[in-house]
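# Overview (structure and organization)
Each chain is listed here by its residues.
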Amino acid sequence: MRKYSFLILILFFLLPATVSATEQNEDELRKARMMLFNKMETITQLPWYVYAGIDQYERSIRRSRNDIPREPGAIAINISPEKWAGGTNPNKEDTSPESISFFGGIALDGNEDGKASRTDDEDLLFTIGSFLQKYGTNMEDIRIGLWDYYQRDQAVRTITSNCLVYKTFNTLKLEKHAFPVPLTANYSYRNTWGDRRGWGGLRIHEGTDIFASYGVPVKATSYGTVETKGWNRYGGWRIGIRDINGNYHYYAHLNGFEKGIDKGSIVQPEQVIGYVGSSGYGPKGTAGKFPPHLHYGIYKDNGKTEWSYDPYPSLRLWERQERINKKKN
């Protein structure tokens, strides 16, 4: 018994140190990334937040798929061997800038070591920066370059959103989240993801319903950009926000929107974006077909497609974290 007590005591002291070390490691990685982004801004004249936006998009893609390994360094940008070395290059792992150029690859030597390596952070950033630089250095030109590179509208939208968020808050540390309604409000919710819904055809419930009174403020849960705003016959007055992790946060059945919140607005956690209502299930303006509540859903983009996942665990976590933070303050 004394043996097990001793082991528990050891774990008690080791666990906080491990968590702290992980957080410290993340901070060090962010510092390393920012140094690289600033360096590339000086070299290519592309703003640092463009590199940050692309890198974060690619990092989110890596985290949501099993066919792409984790990044070996600080930078998550993943350029395919064919694009890197050239489609007709027999050596897909070629690091020679001369032969890569001969075969039409885009890879460049970013740190002047004579090699263009897909695992070198500076080579990756310099390569993608030089590719975009050919189109220009303002955001409209950069968007055209991003489309040419990714050939996907959602990739361009998400990266552009990331760029604007990083530019607005001027930091890479944007992990904070918030519960979508005030903790002081009279609200209730349970896990309703996957429940059957019949209006408009048989379907499943892709979200969690948070029941509250008309007019209770609805808050952004994360840093992001308003991607959609307006009427939807299912969701009524709704807002969709894309965060820097590629998640699309869907707020539906609103009674109205907060003044100044429009498509393209940059938001942060706890910022009021609208108000609880009962709109939806019919043509524009329909309301009152169900009790007032916020329908909250999250959709994940993996670079190929987008799907919904259960937001309930995240809501419970953010609610608990917010309660703890308020007690501290």
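Scope of this entry: the structure provided in the associated data block.

Conventions adopted
Residue numbers run consecutively from 1 along every chain, following the written order of its sequence. With pLDDT at 70 or above as the cut-off, local features in this predicted model cover only qualifying residues; side-chain atom pairs require 80 or more to be listed or tallied, and sums for whole chains, interfaces and linings still use all residues. Heavy atoms from the whole structure form the basis of all side-chain values; hydrogens and water molecules are not counted. Secondary structure elements follow DSSP: runs of H or I no shorter than four residues count as helices, runs of E no shorter than two count as strands, and numbering proceeds from the N terminus. Relative accessibility thresholds used throughout: buried, under 20% of the residue-type maximum; exposed, over 50%; partly exposed, between the two (1.4 Å probe, protein chains only). By definition in these notes, contact holds between two residues if any of their heavy atoms fall within 4.5 Å. A 1.4 Å probe and the Shrake-Rupley method give the accessible areas. Residues count as covered only by the protein chains that appear here. In this analysis, rings of Phe, Tyr and Trp, with Trp reduced to its six-membered ring, are considered paired at centre separations within 6.5 Å, and the interplanar angle assigns stacked below 30 degrees, edge-to-face beyond 60, and tilted for intermediate values. Multiply 1.5 Å by the residue count of a helix minus one, and that product is the helix's expected span. For two strands to be treated as a pair, DSSP must find at least two bridges joining them. A 3.5 Å cut-off defines polar contacts: any pair of N or O atoms within that distance qualifies, except that in protein one atom must be a possible hydrogen donor and the other a possible acceptor, and neighbouring residues in sequence count only when both atoms are side-chain atoms. Criterion for a salt bridge: a side-chain nitrogen of Lys or Arg within 4 Å of a carboxyl oxygen of Asp or Glu. To obtain each axis, a line is fitted to C-alpha atoms, and for helices this fit is confined to the stretch in contact; angles are then taken between N-to-C directions over 0 to 180 degrees. In this scheme the crossing of two helices becomes right-handed for a clockwise turn of the near helix relative to the far one and left-handed for an anticlockwise turn of less than a right angle. Think of it as three bins: nonpolar holds Ala, Val, Leu, Ile, Met, Phe, Trp, Tyr, Cys and Pro, charged holds Asp, Glu, Lys and Arg, and polar takes everything else, Gly as well. Counted as positive: Lys and Arg. Counted as negative: Asp and Glu. His and the chain ends are not counted at all.

## Regarding the overall build of the protein
Along its length, the protein carries 8 helices and 12 strands. Here the protein, with 329 residues, has 49% of them falling under the buried criterion. Considering only residue pairs separated by 6 or more positions, the protein has 58% of its internal contacts joining residues 24 or more positions apart. Carbon and sulfur atoms form 54% of the exposed surface of the protein, whose accessible area is close to 16800 Å².

## Description of the packing of aromatic side chains
By the definition in use, this model includes 18 aromatic pairs. Look at Phe102 and Phe103: their rings are 5.1 Å apart centre to centre, the planes differ by 85 degrees, and that puts the pair in the edge-to-face class. With a relative accessible area of 67%, Phe102 lands in the exposed category. Seen from their ring centres, Tyr149 and Tyr150 are 4.7 Å apart, and the 80 degrees between their planes marks the pair as edge-to-face. The exposure classification of Tyr149 matches that of Tyr150, with both residues buried.

## Some points on helix H5 (residues 121-133)
Compared with an ideal rise of 1.5 Å per residue, which puts 13 residues at 18 Å, H5 spans 18 Å between its outermost C-alpha atoms and is within 8% of the ideal. For H5, a buried count of 11 out of 13 residues is recorded, marking the element as mostly surrounded by other parts of the structure. Listing the buried residues of H5 in full gives Asp121, Glu122, Asp123, Leu124, Leu125, Thr127, Ile128, Gly129, Ser130, Phe131 and Leu132.

## Some thoughts on the pairing of strand E10 (residues 272-276)
Note that strand E5 (residues 217-219) and E10 share 3 bridges and pair antiparallel. When the sheet's bridge partners are listed, Pro217 is paired in E10 with Tyr275. For strand E8 (residues 247-257) and E10, the ladder comprises 3 bridges, and the chain directions are antiparallel. For Phe257, the partnering residue across the bridge sits in E10 and is Gly274.

## Section: the side chain of Ser265
Among the structural elements, Ser265 can be located in the loop between E8 and strand E9 (266-267). At 3.4 Å, the side chain of Ser265 forms a polar contact with the backbone oxygen of Gly260. Non-local contacts of Ser265, meaning those with residues more than four positions away in its chain, are made with Gly224, Thr225, Val226 and Gly260.

## Details of the pattern of salt bridges
Scanning the model with the defined rule gives 18 salt bridges in all. A salt bridge links Arg30 to Asp27; its shortest N-O distance comes to 2.6 Å. In this pair, Arg30 and Asp27 are both assigned in helix H1 (residues 2-44), 3 residues apart and thus about one turn of the helix distant. Under the relative-accessibility criterion, Arg30 is labelled buried at 12%. The class for Asp27 is partly exposed, based on a relative accessible area of 26%. The salt bridge involving Arg62 is made with Glu71; its shortest N-O contact spans 3.9 Å. Taken individually, Arg62 and Glu71 each receive the classification buried, so the pair is uniform in this respect. Taken together, the shared-partner salt bridges connect Asp55, Arg59, Arg62, Arg63 and Glu71 into one network.

## Re the environment of Val165
For Val165, the position within the fold is in helix H7 (residues 153-169). Sequence spacing of Val165 and Ile266 is 101 residues, and the spatial spacing of their C-alpha atoms is 6.4 Å.

## As for the packing of H5 against helix H6 (residues 139-150)
Where H5 meets H6, the closest approach of the two axes is 8 Å, and the angle between their N-to-C directions is 115 degrees. As H5 runs across H6, the sense of the crossing is right-handed. Residues Ile128, Phe131 and Leu132 of H5 touch H6, and the partners they reach there are Ile142, Gly145, Leu146, Asp148 and Tyr149. Of the residues that constitute the contact of H5 with H6, the class distribution is 6 nonpolar, 1 polar and 1 charged.

## Concerning the environment of Ser279
Topologically, Ser279 is positioned in the loop between E10 and strand E11 (293-301). Placed 11 residues apart in sequence, Ser279 and Phe290 show a C-alpha to C-alpha distance of 8.5 Å. Aside from chain neighbours lying at most four places away, what touches Ser279 is Trp231, Gly235, Gly236, Trp237, His253, Leu254, Thr286, Ala287 and Phe290. For Ser279, the side chain forms a polar contact with the main-chain oxygen of Leu254, separated by 2.7 Å.

## Quick notes on the side chain of Asp243
Along the chain, Asp243 falls in strand E7 (residues 236-243). In this structure, Asp243 is buried with no salt-bridge partner, the nearest side chain bearing the opposite charge being Lys300 at 6.1 Å. A polar contact is formed between the side chain of Asp243 and the backbone nitrogen of Asn245, at a distance of 2.8 Å. Among residues more than four places away in sequence, those in contact with Asp243 are Asn162, Ser222, Tyr223, Gly224 and His249.

Geometric descriptors of this kind do not, in isolation, establish any biological role.
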